[in-house]
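# A look at the structure
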Amino acid sequence: MGLRLPVLAGVGVMALMSAGVPAGAQEDAFEYVAMGDSAAAGPLVPGPDPNLLCFRSTSNYPQVAAARLGAQLKDVTCSGAETEDFAGRQHHVLSPQYDALSETTDLVTVTIGGNDVSLVQAAVSCLNALPEPVGSSCADSFTANGDELAERIDEFTPDFDEALEEITDRAPNAQVVVVGYGTYLPPGGCYPEQPMWARDADYIQSTVDRLSARLGERARAHGATFVDLGPVSEGHDVCQAPQDKYFEGVVPTSFAAPLHPNANGMTAFGNVVADAVSGSRPGREPAA
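For clarity, every value in this text was computed on a predicted model and none was experimentally measured.

Helices and strands together make up the secondary structure of the protein, namely eleven helices and five strands. The buried share of the protein, reckoned over its 288 residues, is 47%. Across the protein, the fraction of contacts at a sequence separation of at least 24, relative to all contacts at a separation of at least 6, is 69%.

Glancing now at the packing of aromatic side chains. Applying the stated criterion across every chain yields a total of six aromatic pairs. Relative to Tyr98, the ring of Phe86 lies with its centre 5.7 Å away and its plane at 65°, an arrangement referred to as edge-to-face. Note that Phe86 is positioned in helix α5 (residues 84-87) and Tyr98 in the loop between α5 and β3 (107-111), a separation of twelve residues in sequence. Like Phe86, the residue Tyr98 is buried in the burial classification.

The next thing to look at is the pairing of β3. In terms of burial, β3 is a largely internal element, five of the five residues being buried. As paired elements, strand β1 (residues 31-36) and β3 share five bridges and run parallel to each other. Each bridged residue has a counterpart across the sheet, and for Tyr32 the counterpart in β3 is Leu107. With four bridges connecting them, β3 and strand β4 (residues 175-179) associate as parallel partners. Within β4, the position partnered with Leu107 by the bridge is Gln175.

Moving on to the side chain of Asp237. As for its position among the elements, Asp237 is in the loop between α10 (229-233) and α11 (263-278). A polar contact is formed between the side chain of Asp237 and the backbone nitrogen of Cys239, at a distance of 2.9 Å. Of note is the side chain of Asp237, whose polar atom sits 3.0 Å from the side chain of Gln240. What Asp237 contacts, discounting residues up to four positions off in sequence, is Thr183, Tyr184, Leu185, Pro186, Lys245 and Phe247.

The interhelical angle for the contact between helix α4 (residues 61-69) and α11, taken along N-to-C directions, is 45°, at an axis separation of 7 Å. Here α4 lies oblique to α11, going by the angle between them. The element α4 and its partner α11 pack so that their crossing is right-handed. Contacts between α4 and α11 pair Tyr61, Val64, Ala65, Arg68 and Leu69 from the former with Met266, Thr267, Phe269, Gly270, Asn271, Val273, Ala274, Asp275, Val277 and Ser278 from the latter. In terms of residue class, the contact of α4 with α11 is made up of nine nonpolar, four polar and two charged.

Here we take up the sheet that holds β4. With parallel pairing, five strands are arranged side by side in an open sheet as β2-β1-β3-β4-β5. Strands at the two margins of the open sheet, each flanked by one partner only, are β2 (72-75) and β5 (225-227). Strand-to-strand twist across the sheet, computed as the mean angle between neighbouring axes with direction ignored, equals 20°.

The next thing to look at is the side chain of Ser38. Note on placement: Ser38 falls in helix α3 (residues 38-41). The buried category is assigned to Ser38, whose relative accessible area is 10%. A polar contact of 2.7 Å, which involves the side chain of Ser38, links it to the side chain of His260. Sequence-distant contacts of Ser38, that is, excluding residues within four places in its chain, are made with Pro43, Cys78, Ser79, Gly80, His260 and Met266.

Here we come to the layout of surface pockets. Taken as a whole, the largest pocket spans an internal volume of roughly 360 Å³. As for the largest pocket, its lining consists of 23 residues, of which Leu119, Val120, Tyr184, Leu259 and His260 are closest to the centre. Of all the secondary structure elements, the ones that give two or more residues to the lining of the largest pocket are α3, α6 (119-124) and α9 (198-221). The biggest single contributor to the lining of the largest pocket is α6, with four residues. Tallied by class, the residues present in the lining of the largest pocket amount to 15 nonpolar, seven polar and one charged.

What counts, and where the lines are drawn
Residues numbered from 1 in each chain as written. Predicted model: local features only at pLDDT ≥ 70, side-chain atom pairs only at ≥ 80, totals over all residues. Heavy atoms only, no water. Helix = DSSP H or I, 4+ residues; strand = E, 2+ residues; numbered from the N terminus. Buried < 20%, exposed > 50% of the residue type's maximum accessible area, 1.4 Å probe, protein only. Contact = heavy atoms within 4.5 Å. Phe/Tyr/Trp six-rings, centres within 6.5 Å; stacked < 30°, edge-to-face > 60°. Pairing = 2+ DSSP bridges. Polar contact = N/O pair within 3.5 Å; in protein donor to acceptor, adjacent residues only side chain to side chain. Axes fitted to C-alpha atoms, helices over the stretch in contact; angles between N-to-C directions. Parallel < 35°, antiparallel > 145°, perpendicular 65-115°, else oblique. Left-handed = near helix turned anticlockwise from the far one by under 90°. Nonpolar A, V, L, I, M, F, W, Y, C, P; charged D, E, K, R; others polar. 1 Å grid on protein atoms, 1.4 Å probe; cavity = no way out; pocket = protein on both sides within 12 Å on 5 of 7 lines; lining within 4 Å. Points joined across faces, edges and corners; volume = space filled by probe spheres on them.

Structure (structure tokens):
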């Protein structure tokens, strides 16, 4: 924590006044910190953030929500992030995501867990170039002795609880909004357009739904708001027409990373987050 020297503070106030900016403007700013992984960062979605290490887009859902809310955004989302990167230095050089939080933070959004349970890697392992029975089923492999991905979610849960507690400790005055993951695949998938057998597609989506449900359960247990992107993205999965999908498939049809939200998805998700936040802020409507 840096020192706040009275002389420098006074100079800052004078500078604001001379520039025609009300001295109280900074105090009135609605401070929003966005934390999380690539599902929030938006890798390869047009409008790259100067921090190229995180493959973060300036059109991701935090940016959309911030614009709607008229918020001052500090976006520390980063592709590849796990919960340990909230406290540690991702890529050995990035500041911990927790460092963005303070007592003046008004809003925190969090999307995390996908990398902790290796969801994308699991989905990639489900790809089959040829139809059944040639190849192997990832669902069979992951459930040969119980349900490996379900166990990973169970193992991740205590880490997520600790993260929510730490966020509350560091930003005690903030509304915390946990944002889940969406509907990437429709029932039965759409083989061979997306080369994942029907039962494997159902297994992967059920795991995504399980993770989101766990995020929602723990969010509510900690007094946080949960935004479920599952219903929002139904009918906008990777199997839909390019103009209708919110997620890109194995071979993207728009600028976005495979198996990640595209610009349409980020816009929809940002609006849903903004609606959830504005609905809990009496007398404050989102900007048009």
